[in-house]
Amino acid sequence: MVASLDGIIFHQFYGDNSGGVEFDTDGDGTTTQEDEFLSVQNMSGVAVDLSGWQIWSDMSGAGAPDGPQDGLYHTFPPGTVLSPGKTLHIVNEYSGTPPSNIQEASEGGLESGSGGTNTNFLSEGDTGFPESVALVNPSTGEYIILNLSASDPSGIPSLPGFPGTTLVGESNAATDSGVEDQNAGSSYTYNSATDSYDYQAVMIMCFAEGTSIAVPGGERPVENLRVGDFVVTKDNGNQPIRYLAVTEVCGPQIAENHRPILIPAGSLGPGTPRRDLVVSGQHRMLLGWPEIEGLHDRAEVLAPSKGLVHLPGVRIKRGVRDVRYVHLLLDRHEVLFAEGAATESFYPGPMILRGMRTADRQALLQAVPELRKGVKAVLGEPARQVLSVQETKKLVRRRKKRLKREIAQWEIETAMDRSEVDILSDEMDRRANCVPAAASAFRVH
């Protein structure tokens with residue numbers, strides 16, 4: 001069982017951002033040791049106040065551009081309260097103002113160049129050396145350890161000034177995953193299905209955390225899904241996730257085509273989606289409106305969300321600074337359910353691949369090299385007829401006209417119903433007033 005401190009666990013560890021498919025955590029256009037991070041997650045059912053808690057590290061760093069520095073890595077500032085199920089990321093250095101789910105390490109250091117020394121926390125994947133991190137509550141002395149070495153015990157308890165006195169639990173990501181040499185582009189990540197750590201593509205939350213995806217037996221937040229987990233599909237039952245494609249657009253400037261689309265609850269139909277849903281503009285939603293049959297030869301189509309913006313409530317979220325999109329790649333193109341709304345699985349066609357950041361595209365092609373032959377060769381034809389943005393806008397205009405006619409007809413019928421009720425009420429009143437007179441006329445003397 002993964003170690004936890006008052007319900008808080010280490011969720012992800014990314015300590016090596018050199019020598020591979022490097023990751024730009026803060027979206028500033030550079031990939032350095034500043035982008036290394038770890039995250040914690042609240043697995044309890046109550047909010048936990050992390051104010052004053054600390055993270056300590058014990059690392060080796062042969063071959064690193066800068067040497068590692070053991071000891072205190074981060075102190076959570078006052079007011080840090082982690083809600084149930086939420087994740088908080090601690091990044092070495094963050095360019096600009098971090099979003100609410102990211103904190104900059106209090107002891108994080110600036111890059112000092114090759115051979116320099118800083119306070120970045122590093123793991124260069126050395127074997128035969130102790131590497132670990134610890135989460136400690138100094139007020140109680142209780143702490144947990146995440147060991148990254150399959151053979152060496154943690155050296156954190158013996159570090160000068162370490163406030164921990166009582167070890168509550170220890171997990172070993174290297175043993176769980178079978179991988180001790182963590183490389184750029186991949187991280188140790190907690191898998192809730194197995195209650196252990198996997199070795200997989202690195203990801204970080206910047207936006208839209210908490211979207212519920214239908215899985216066998218219920219729903220699960222998208223950020224908790226992992227490769228190999230099963231999701232519910234409309235056509236082919238439960239299907240495993242083959243790859244998690246993650247795209248981050250973080251920073252003060254977001255290109256128009258990357259801005260998220262808000263699809264409010266009930267905007268696509270009664271109870272669809274059940275809660276507000278945020279997707280990328282290119283992401284397609286499954287529509288089964290009556291208007292479709294008049295335009296296309298199918299009962300259902302996949303329509304890009306940016307074409308839906310003229311529906312009541314659907315809009316582009318222009319005020320956001322940080323966006324994270326998670327795309328679930330399956331063995332074929334499928335229809336999934338997000339917040340109860342039917343939507344597509346990831347289908348990385350040529351335009352999508354060109355629009356991805358270089359590191360994200362390289363990571364995807366490394367995991368699914370067959371995609372170099374073309375998406376149809378791997379995932380087959382799209383699950384439904386795919387509409388363009390312009391076709392979607394035309395469909396939306398037809399739907400709005402029909403809804404206006406239905407509303408007008410409803411108002412007429414409602415008015416007629418009210419009129420009939422009024423007439424009936426007047427007649428009943430008239431008859432009630434006439435009954436006594438009639439009865440008097442036929443009274444027997």
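## Considering the sheet that holds strand S21 (residues 260-263)
Moving on, step 1. The 3 strands lie next to each other as S22-S21-S25, forming an open sheet whose pairing is antiparallel. Two strands close off the open sheet at either side, each with one partner strand: strand S22 (277-280) and strand S25 (315-316).
Moving on, step 2. By the bridge criterion, 4 bridges tie S21 to S22 in an arrangement that is antiparallel. Residue pairing in the sheet places isoleucine 261 in a bridge with valine 279 of S22.

## Brief notes about a positive patch on the surface
Moving on, step 1. A contiguous patch of positive charge, built from Lys394, Arg397, Arg398, Lys400, Lys401, Lys404 and Arg405, is present on the exposed surface.
Moving on, step 2. Examined against the element boundaries, lysine 404 turns out to sit in helix H6 (residues 389-441).
Moving on, step 3. Given the relative accessible area of 60%, lysine 404 is considered exposed.

## Digging into the pairing of strand S28 (residues 341-344)
Regular strands place side chains that alternate from one sheet face to the opposite one.
Moving on, step 1. Burial of S28 is two-sided: the residues Ala341 and Thr343 facing one way and the residues Ala342 and Glu344 facing the other way are all buried.
Moving on, step 2. Pairing geometry for strand S27 (residues 335-338) and S28, over 4 bridges, is antiparallel. Paired with phenylalanine 337 across the bridge in S28 is alanine 342.
Moving on, step 3. Counted between consecutive antiparallel strands, the loop separating S27 from S28 contains 2 residues, among which glutamate 339 sits at a positive phi close to 55°.

## A short note on the sheet that holds strand S6 (residues 71-75)
Moving on, step 1. Taking strand neighbours across the sheet as the criterion, the 5 strands line up as S6-S4-S11-S12-S13 in an open arrangement whose pairing is mixed. The open sheet has two edge strands, S6 and strand S13 (166-172), and neither has a second partner. On average, adjacent strands in this sheet sit at an angle of 20° to one another, irrespective of strand direction.
Moving on, step 2. Pairing between strand S12 (residues 142-147) and S13: 6 bridges, direction parallel. Note that in S13 the partner of glutamate 142 across the bridge is threonine 166.

Here is what the cut-offs are and how they apply
Residues numbered from 1 in each chain as written. Predicted model: local features only at pLDDT ≥ 70, side-chain atom pairs only at ≥ 80, totals over all residues. Heavy atoms only, no water. Pairing = 2+ DSSP bridges. Helix = DSSP H or I, 4+ residues; strand = E, 2+ residues; numbered from the N terminus. Patch = residues over 30% accessible without salt bridge, like charges linked within 9 Å, V, L, I, M, F, W, Y side chains within 5 Å. Areas by Shrake-Rupley, 256 points an atom, 1.4 Å probe, with all protein chains shown as cover. Salt bridge = Lys/Arg side-chain N within 4 Å of Asp/Glu carboxyl O. Lys, Arg positive; Asp, Glu negative; His and termini not counted. Charge placed at Lys NZ, Arg CZ, Asp CG, Glu CD. Buried < 20%, exposed > 50% of the residue type's maximum accessible area, 1.4 Å probe, protein only. Axes fitted to C-alpha atoms, helices over the stretch in contact; angles between N-to-C directions.

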